[in-house]
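Residues per chain, in single letters:
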Amino acid sequence: MKTESFHGRDFITLLDWSKEEVETILDVALDLKRRYAIGELHDHILRAKTLFMIFYNASLRTRNSFEAGMTQLGGHAHYLEPGKIYTPALPGKEVAYTTERVSDVARVLSRMGNGIAIRCYGDPVDWAYGAANELIRNFAYWADIPVLNMEDDKYHPFQALADILTVYEKFGTFKGVKFVMSWAYSPSVHKPRAVPQSAIIAATLMGCDTVLAHPPEMALDPEVIQACEGYAKANGSSFEIVHDFEEAATGAHVLYPKAWAPVQMFKPPVGEDNPDLAQEIFDRYKGWKATPEYMALADPNAVYMHCLPADRSWEVEDEVIDGPQSVVFDEAENRLHVQKAVMSLVMR
Ligand code: CP
């Protein structure tokens, strides 16, 4: 177990963390979860410390798990809405007396607290793929305190930690576990790639036999795919991409079907800035839905996963998400425990 390399670090993507470091995070998360379950107080760990949370987008799970987590660790989390502070902006995106340069916001908050957490994707950066990640990295450049990514347009690392902790709890291992991250239909194309990209990074990093299933038009970031191939090779496990919903599910232990936008949704040069075309592409694949028949293709002990919120009746039928194979509320709870683990390690 690695313990010496955490203090003061940013948490922006799992690509910045080794397998051994992630194993430590999961170990600490399980310890904090055990303490929480038996009512053992652990409010000395971040006593009187402050986390500033800046949300450019809506949230149920992320906001409440960070806020509750900081309370349980003895500190406090501030909820900051960009429109109610001066919206943090990069040079070239500034509006007089409406925005404030990220370099200034980061240095001010660094004088007052112990961590800055940011959520930003989609509309606030006009669907320019990578712009939200750049904003968060700019915060990290200027801040003297850890910067935590609460979901940007590339990564949702805390969701991925909760996902793999849930897999570990259900199967007791990553080796030999067939983890299927699949696209599923939603009437809304306003869906970033952060969850599927972080899920396959986490699954391949930890050694699951990972399958990415999507219609040909829904390809993910080639840099992420390359990283996953490297992790699978290093672990002696497998990573494959298939374009058939049912084929991917066959014999799976983990089924994680959710929607994400095709590249046409993003601004040039990455995409085409064409939400109408993105919608047209989505509507070709209404059959990509988690049904009881779909679940029956998997291993009898398979679990259904989703980061939530789920688009019920489009991505998934109630019978599946409310059924015995669903572990979505375990995943949601595990957000609390993994975030407390990372905050304890980097903000202590
Ligand atoms: N899974 C997740 O990040 O949920 P919220 O959007 O509610 O934070």
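Refer to the preceding data block for the structure.
Analysis parameters
Residues numbered from 1 in each chain as written. Predicted model: local features only at pLDDT ≥ 70, side-chain atom pairs only at ≥ 80, totals over all residues. Heavy atoms only, no water. Buried < 20%, exposed > 50% of the residue type's maximum accessible area, 1.4 Å probe, protein only. Helix = DSSP H or I, 4+ residues; strand = E, 2+ residues; numbered from the N terminus. Pairing = 2+ DSSP bridges. Right-handed = clockwise from strand over helix to strand, strands pointing away. Polar contact = N/O pair within 3.5 Å; in protein donor to acceptor, adjacent residues only side chain to side chain. Contact = heavy atoms within 4.5 Å. Axes fitted to C-alpha atoms, helices over the stretch in contact; angles between N-to-C directions. Parallel < 35°, antiparallel > 145°, perpendicular 65-115°, else oblique. Nonpolar A, V, L, I, M, F, W, Y, C, P; charged D, E, K, R; others polar. 1 Å grid on protein atoms, 1.4 Å probe; cavity = no way out; pocket = protein on both sides within 12 Å on 5 of 7 lines; lining within 4 Å. Points joined across faces, edges and corners; volume = space filled by probe spheres on them. Expected span 1.5 Å × (residues − 1). Arc of directions from axis to C-beta. Core = buried A, V, L, I, M, F, W, Y, C linked by side-chain atoms within 4.5 Å. Domains from an automatic or database assignment. Near = heavy atom within 4 Å. Areas by Shrake-Rupley, 256 points an atom, 1.4 Å probe, with all protein chains shown as cover. Salt bridge = Lys/Arg side-chain N within 4 Å of Asp/Glu carboxyl O. Phe/Tyr/Trp six-rings, centres within 6.5 Å; stacked < 30°, edge-to-face > 60°.

**Concerning the pairing of strand β7 (residues 178-183)**
- Here β7 lies mainly inside the structure; 6 of its 6 residues are buried.
- Of the two faces of β7, both are covered, the one formed by K178, V180 and S182 as well as the one formed by F179, M181 and W183.
- Bridge count between β7 and strand β8 (residues 209-213): 5 bridges; the pairing is parallel. When the bridges of β8 are listed, K178 appears paired with D209.
- The handedness of the β7 to β8 crossover, carried by helix α6 (residues 194-206), is right-handed.
- Where β7 meets strand β10 (residues 254-258), 5 bridges bridge the pair, whose relative direction is parallel.

**Details of the side chain of N57**
- Looking at the element boundaries, N57 is found in the loop between β1 (50-55) and α2 (61-72).
- Within the structure, N57 has its side chain in polar contact with the backbone oxygen of Y121 (distance 2.9 Å).
- Among residues more than four places away in sequence, those in contact with N57 are R119, C120, Y121 and P124.

**Thoughts on the packing of helix α1 (residues 19-37) against helix α5 (residues 157-171)**
- Interhelical geometry of α1 versus α5 gives an angle of 75 degrees and a closest axis separation of 11 Å. When the axes of α1 and α5 are compared, the pair comes out roughly perpendicular. Contact residues: α1 offers V22, I25, L26, A29, L30 and K33, while α5 offers L161, I164, L165, Y168 and E169.
- Among the residues making up the contact of α1 with α5, the classes are represented as 9 nonpolar, no polar and 2 charged.

**With respect to empty space enclosed by the protein**
- Overall, the coordinates contain 1 cavity of 30 Å³ or more when judged by the stated rule.
- Its volume calculated, the largest cavity comes out at about 40 Å³.
- Every residue lining the largest cavity is listed: G122, V125, W127, A128, Y129, D153, P192 and F266.
- Residue composition of the lining of the largest cavity, grouped by class: 6 nonpolar, 1 polar and 1 charged.

**A look at helix α4 (residues 131-142)**
- Its 12 residues place the ends of α4 17 Å apart at the C-alpha level, agreeing with the 16 Å of an ideal helix rising 1.5 Å per residue.
- For α4, the full list of buried residues reads A132, N133, L135, I136, F139 and A140. Down the axis of α4, the sector holding all buried residues measures 160 degrees, keeping them to one side.
- Of the surrounding elements, those touching the buried residues of α4 are β1, β3 (87-89), α3 (102-110), β5 (115-119) and β6 (147-149).

**A closer look at the nonpolar core**
- With 99 residues, the main nonpolar core has L51, L148 and L161 as its most contacted residues.
- Residue assignment places this core across two domains, with domain 1 (14-154 + 334-346) and domain 2 (159-332) each supplying three or more.
- Not counting residues within four places of it along the chain, the set of residues in contact with L51 comprises F66, M70, H76, A77, H78, G115, I116, A117, L148, M343 and M347.
- Within the second largest apolar cluster, 22 residues are counted, among which are I54, I116, A143 and V147.

**Some words on the pairing of β5**
- The buried count for β5 comes to 5 of 5 residues, which makes it a mostly enclosed element.
- Covered by surrounding structure in β5 are G115, A117 and R119 together with I116 and I118, the residues of both alternating faces.
- Judged from the 5 bridges that link them, β1 and β5 form a sheet pairing that is parallel. Bridged to L51 within β5 is G115.
- Pairing between β5 and β6: 3 bridges, direction parallel. From the neighbouring strand, A117 faces β6, where its bridge partner is L148.
- After leaving β5, the chain enters α4 and then returns to the sheet as β6, a path that is right-handed.

**Focus on the site of the ligand**
- As a structural note, the neighbourhood of the ligand is formed by S59, L60, R61, T62, R119, H156, Q159, C307, L308 and R335.
- Taking L308, its main chain carries an N or O atom lying 2.9 Å from a nitrogen atom of the ligand.
- Here the ligand, which alone exposes 260 Å², has 93% of that area covered by the protein.
- There are two domains that each give the shell around the ligand at least three residues, and those are domain 1 (14-154 + 334-346) and domain 2 (159-332).

**Section: the sheet that holds β1**
- Taken in spatial order, the 4 strands line up as β2-β1-β5-β6 in an open sheet, and their pairing is parallel. Each edge of the open sheet carries a strand with a single partner, namely β2 (76-80) and β6. Averaged over all pairs of adjacent strands, the angle between their axes in this sheet comes to 20 degrees, without regard to strand direction.

**Focus: the pattern of salt bridges**
- In the structure shown here, the tally under the stated rule is 20 salt bridges.
- When the shortest N-O distance is used, the salt bridge between D43 and R47 registers 3.3 Å.
- Relative accessible area serves as the criterion here: at 26%, D43 is assigned to the partly exposed category.
- A single salt-bridge network, built from bridges that share partners, covers D31, R34, R35 and E40.

**A word on the packing of aromatic side chains**
- The full count for this structure, using the stated rule, is 18 aromatic pairs.
- Here the aromatic rings of F11 and W17 are separated by 5.3 Å at their centres, their planes lie at 50 degrees, and the arrangement is tilted.
- Residue classification places F11 among the buried positions, given a relative accessible area of 0%.
- Classification of W17 by relative accessible area gives buried; the value is 3%.

Geometric values such as these leave the question of function open.
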